[in-house]
Amino acid sequence: MGIWQGPDGIEVEAIMLGDLPCLRVTQRIGEQRMVLAYCMDVREVGRLVNLAELVAA
């Protein structure tokens, strides 16, 4: 699946959550990666991060 990275340690990863595909949004804070949200579509991700700043990892 795909992974995209943005500024400030943001990472968006396409994953399977049970039987459902979703997008996990995380942010690296120091040495830890914190889950910000599990989104069902790109519109939800766009509410959290600027999609134009994401680049493929």
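About the cut-offs
- Every residue gets a number counted from 1 within its own chain, in the order that chain's sequence is written.
- Restriction of local features to residues with pLDDT of at least 70 applies here, the model being predicted, together with a cutoff of 80 or more for giving and counting side-chain atom pairs; totals for whole chains, interfaces and linings are based on all residues.
- Side-chain measures were taken over the full set of non-hydrogen atoms in the model, leaving aside hydrogen atoms and water.
- One requirement defines pairing of two strands: DSSP has to find at least two bridges between them.
- Secondary structure is summarised from DSSP: a helix means a run of H or I of at least four residues, a strand means a run of E of at least two, and numbering begins at the N terminus for each.
- Disulfides are defined in this document as cysteine sulfur pairs within 2.5 Å.
- Under the scheme applied here, a residue whose accessible area is under 20% of the maximum for its type counts as buried, over 50% as exposed, and between as partly exposed, the area being computed with a 1.4 Å probe on protein chains only.

**Student:** Please provide a residue-by-residue account of the pairing of strand 4 (residues 32–39), values included.
**Tutor:** Alignment of strand 3 (residues 20–29) against strand 4, held across seven bridges, turns out to be antiparallel. Bridging across to strand 4, Arg28 finds its partner in Arg33.

**Student:** Describe the state of the cysteines, and please don't skip the residues or the numbers.
**Tutor:** Summed over the entire model, instances satisfying the criterion amount to zero disulfides. A disulfide-free cysteine, Cys22 has its sulfur positioned 8.0 Å from the sulfur of Cys39, the nearest such atom. What makes Cys22 buried here is its relative accessible area of 5%. With relative accessibility at 2%, the residue Cys39 sits in the buried group.

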